[in-house]
Amino acid sequence: MKILVGIKRVIDYNVRVQVNREGTGVVKDGVKMSINPFDEIAVEEALRMKERGEAEEVVVVSVGPEAAQQQLRTALAMGADRAVLYQAEEEIQPLAAARALLQIVQAEDAGLVLLGKQAIDDDANQVGQMLAALWDRPQATFVSKLERSGDTLKAMREVDAGLENIEVDLPAVVTVDLRLNEPRFVKMPDIMKAKRKPLDIKPFAELGVEMPPQLEVGAHEPPPKRQGGTKVESVAALVQALKDKGVL
Amino acid sequence: MSRVLLIADHDGKTLNTGIARTVACARQLGNVHVAVFHAPDGDAPCAAAAKLDGVSRVLSVRHEANGAPLAAVLAPQIARLAAEHEGGYDYVLAPSTTFGKDVLPRVAALLGVPQVSDLMEVIDARTFKRPIYAGNVITTVKVPEGIPVLATVRIASFQAVGEAGEAPIVAAQAEAELPTHSRYLGLAESGGSDRPDLQSAPRVVAGGRGVGSKENFEIIFKLADRIGAAVGASRAAVDAGYVPNDMQVGQTGKIIAPDLYIAIGISGAIQHMTGIKDAGCIVAINKDGDAPIFEAADFGLVGDLFTLLPELEKALDAAG
């Protein structure tokens, strides 16, 4: 089985994101970029499945700017076999990304697609579900445990009510949650080795995606700030303050 | 008037408390029909939905396959209703619960339209605000004309509607070819406690890494029970195995808006603050006076939680 892992280049999760002066987006100049952390977990899971003999090949793909090669190289250094970048400098919204992935999945004849449950930039949480719909295959979202047995996957999902188990037939789309695994650290020799692994760059247009209607993205603004910061000196003062406020 | 289809989140017995908040958003947009997809023996949530103010009709979609919340099974039925029921709907909404997040993008893809995730404010009929970058940025998005608006609703951003309504419950058909490639096996683990529901409780007490262990978490439960609060936890506490994942509050857990939120031993990572910033009053108890949680807390108390919590209980007893 071939596993396809989709990754997105995003602002590193440690960066304090700021709205730009014009209010048209966020400050990206000189800001550290990384693999979307959820996608990194997806790469790790794919590699573990391969190491267990449950998959033969792990292919990482990204749809995004030329610079996303860096993130694909990181995934190759983690252990992925090869990478493909479909280069698009403009913003690709979730449905267009899902249509693009469908083309790639079919061309690669992938048996499993692993994706992060959401990207930490637009927080849309849509692409995996959309791909599964277009592909007419099962989806297991927000997965924190994954087991393959033959042609089925058993997935434990993190849901509001707790942990839920579902079983799906392959091929399938799985989107991963934080507690699925802890991604490995990349070592220097692996980085060197990754430089020799194949990374193809193709124009996004080559996929022939019919562009769906897009959301028009307008103003960006910081969220309203909470007025906090008052400290009380004692438990008695706290109880009094809460009573005065009418919440106790 | 525009027609709004709201997809109910329920477990076959009770309606998710987020639906009353989602209705508050939906009724700003048009005439609200709530669709309850359920198994033949699971129609109780229909009656609960019919009571919500602002709901004009409840569509009861009964099918053997609808007893489990499987997106692959429900999405084609929802898409069918959305596109064809009495001429179709202008809006299809679901709450931003794990159920809504799972199923609605699948519907959007079937309909070939974009989805607005975590709608937090209605600007006009097609323009909305939503959070990105874990709530650090609010952006305005507009859905182009000529297509239905699909959105998951950030429930913490809306106040629940009342329950004085009497909407009719009507049977609806949503025939679609249903897949057999996905099977629901059930809940593996759940809080299943008698405590109030975390997502709707007016008071929440939450513990973080500072609580130190699973055993120590008892002190959090004790305080919560003393004031009739639900119990939550930070991601650090869940990752450390102190409590199960359904108690996690924050960006990747539950986003809540209680009247009172007491954060104990929680430092206040951005991802956690995203989950509580709509709370009425935030109290922080932490031994690190520089913890970021104090910046957002209405009342902060610096000190050792194992000393302060017993004191707090005593003070509450004394205050009656």
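All values derive from a computational prediction rather than experimental measurement.

(A) Region of interest: the domain arrangement of chain B. All names here are of chain B. Along its sequence, chain B is carved into domain 1 (3-171) and domain 2 (203-319). The C-alpha-based centres of domain 1 and domain 2 are spaced at 31 Å. The interface of domain 1 with domain 2 comprises 6 residues on the first partner and 8 residues on the second. Between domain 1 and domain 2 the total buried area reaches about 670 Å² when both faces are included, carbon and sulfur atoms providing 45% of it. Sorting the residues of domain 1 by area buried against domain 2 places Ala134, Arg154 and Ala156 first, and these three jointly supply 64% of that buried surface. Inspection of the region where domain 1 meets domain 2 yields 1 salt bridge. Of the charged contacts in the structure, one is a salt bridge between Arg154 and Asp278, with a shortest N-O distance of 2.6 Å. Taken together, the links from domain 1 to domain 2 amount to 4 residue pairs in polar contact (both at pLDDT 80 or more). The class makeup of the residues in the side of domain 1 that touches domain 2 is 2 nonpolar, 2 polar and 2 charged.

(B) Summary view of the environment of B:Tyr184. Residue and element names in this part refer to chain B. Within the element layout of this structure, Tyr184 appears in strand 11 (residues 182-189). Since its relative accessible area comes to 31%, Tyr184 is described here as partly exposed. It is 6.3 Å that separates the C-alpha atoms of Tyr184 and Ala68, two residues lying 116 residues apart in sequence.

(C) Representation of the interface of chain A and chain B in the model. Across the contact, 77 residues belong to chain A and 87 residues belong to chain B. Of all residues in chain A, A:Asp160, A:Leu215 and A:Arg226 give up the largest surface area on contact with chain B, accounting jointly for 12% of the area buried on that side. For the pair chain A and chain B, the interface holds 7 salt bridges. Of the charged contacts in the structure, one is a salt bridge between A:Glu221 and B:Lys129, with a shortest N-O distance of 2.9 Å. Applying the counting rule to chain A against chain B returns 43 residue pairs in polar contact (both at pLDDT 80 or more). Put simply, the parts of the chain that give the side of chain A that touches chain B at least two residues each are helix 3 (94-108), helix 4 (127-135), strand 7 (139-149), strand 8 (152-159), strand 9 (162-169), strand 12 (216-221) and helix 6 (235-245) of chain A. Per element, the largest residue contribution to the side of chain A that touches chain B is 8 residues, and it comes from strand 9 of chain A. Here the side of chain A that touches chain B is composed, by residue class, of 36 nonpolar, 17 polar and 24 charged. Sheet topology note: the strand 12 of chain A/strand 8 (residues 137-142) of chain B ladder contains 4 bridges and is antiparallel.

(D) Region of the structure containing a nonpolar patch on the surface. There is a patch of nonpolar side chains on the surface, built from A:Val186, A:Met188, A:Ile191 and A:Met192 and spanning about 340 Å² of accessible area. Looking at the secondary structure, you find A:Ile191 in helix 5 (residues 188-194).

(E) Region of interest: the sheet that holds strand 4 (residues 91-95) of chain B. All names here are of chain B. Spatial strand order, 5-9-4-1-2-3-10: 7 strands in an open sheet with parallel pairing. The sheet terminates laterally at strand 5 (115-119) and strand 10 (169-171), the two strands that pair on one side only. Across the sheet, the mean angle separating the axes of adjacent strands is 25° when strand polarity is ignored. Across 5 bridges, the pairing between strand 4 and strand 9 (residues 149-153) is parallel. In the strand pairing of strand 9, Leu93 is matched with Ala151. Across the sheet, helix 1 (residues 18-26) is in contact with strand 1 (3-7), strand 2 (31-38), strand 3 (55-62), strand 4, strand 5 and strand 9; its angle to strand 1 comes to roughly 165°. Its contacts with the sheet put helix 3 (residues 71-84) on strand 1, strand 2, strand 3 and strand 4, and the angle it makes with strand 2 is roughly 150°.

(F) Region of the structure containing the side chain of B:Asp118. With respect to the helices, strands and loops of the structure, B:Asp118 is situated in strand 5. Although B:Asp118 is buried, it forms no salt bridge, and the closest oppositely charged side chain is B:Arg130 at an N-O distance of 4.5 Å. With residues near it in sequence (within four places) discarded, B:Asp118 still touches A:Asp123, B:Ser96, B:Lys101, B:Lys129, B:Arg130, B:Pro131, B:Thr152 and B:Arg154.

(G) Focus on the pairing of strand 14 (residues 260-264) of chain B. Residue and element names in this part refer to chain B. Along strand 14, 5 of the 5 residues are buried, which leaves the element largely enclosed by surrounding structure. Pairing of strand 12 (residues 203-207) with strand 14 involves 5 bridges; the strand directions are parallel. Paired with Ala206 across the two strands is Ala263, which belongs to strand 14. Taken together, the 5 bridges between strand 14 and strand 15 (residues 281-286) define a ladder with parallel strand orientation. Looking across to strand 15, one finds that Tyr261 is bridged to Ile282.

(H) View of the sheet that holds strand 6 (residues 121-124) of chain B. Here 4 strands make up an open sheet; going across it, the order is 12(A)-8(B)-7(B)-6(B) and the pairing antiparallel. Looking along the sheet, the strands with just one partner apiece sit at the ends: strand 12 of chain A together with strand 6 of chain B. Strand-to-strand, the axes of this sheet are offset by a mean angle of 30°, without reference to chain direction. Examined bridge by bridge, strand 6 of chain B and strand 7 (residues 127-132) of chain B share 3 bridges and lie antiparallel to one another. Along strand 7 of chain B, the bridge assignment pairs B:Val122 with B:Phe128.

So, how was this worked out
Residues numbered from 1 in each chain as written. Chains lettered and ligands numbered in written order. Predicted model: local features only at pLDDT ≥ 70, side-chain atom pairs only at ≥ 80, totals over all residues. Heavy atoms only, no water. Domains from an automatic or database assignment. Contact = heavy atoms within 4.5 Å. Buried area = accessible area lost by both parts, 1.4 Å probe. Salt bridge = Lys/Arg side-chain N within 4 Å of Asp/Glu carboxyl O. Polar contact = N/O pair within 3.5 Å; in protein donor to acceptor, adjacent residues only side chain to side chain. Nonpolar A, V, L, I, M, F, W, Y, C, P; charged D, E, K, R; others polar. Helix = DSSP H or I, 4+ residues; strand = E, 2+ residues; numbered from the N terminus. Buried < 20%, exposed > 50% of the residue type's maximum accessible area, 1.4 Å probe, protein only. Pairing = 2+ DSSP bridges. Patch = residues over 30% accessible without salt bridge, like charges linked within 9 Å, V, L, I, M, F, W, Y side chains within 5 Å. Areas by Shrake-Rupley, 256 points an atom, 1.4 Å probe, with all protein chains shown as cover. Axes fitted to C-alpha atoms, helices over the stretch in contact; angles between N-to-C directions. Lys, Arg positive; Asp, Glu negative; His and termini not counted.

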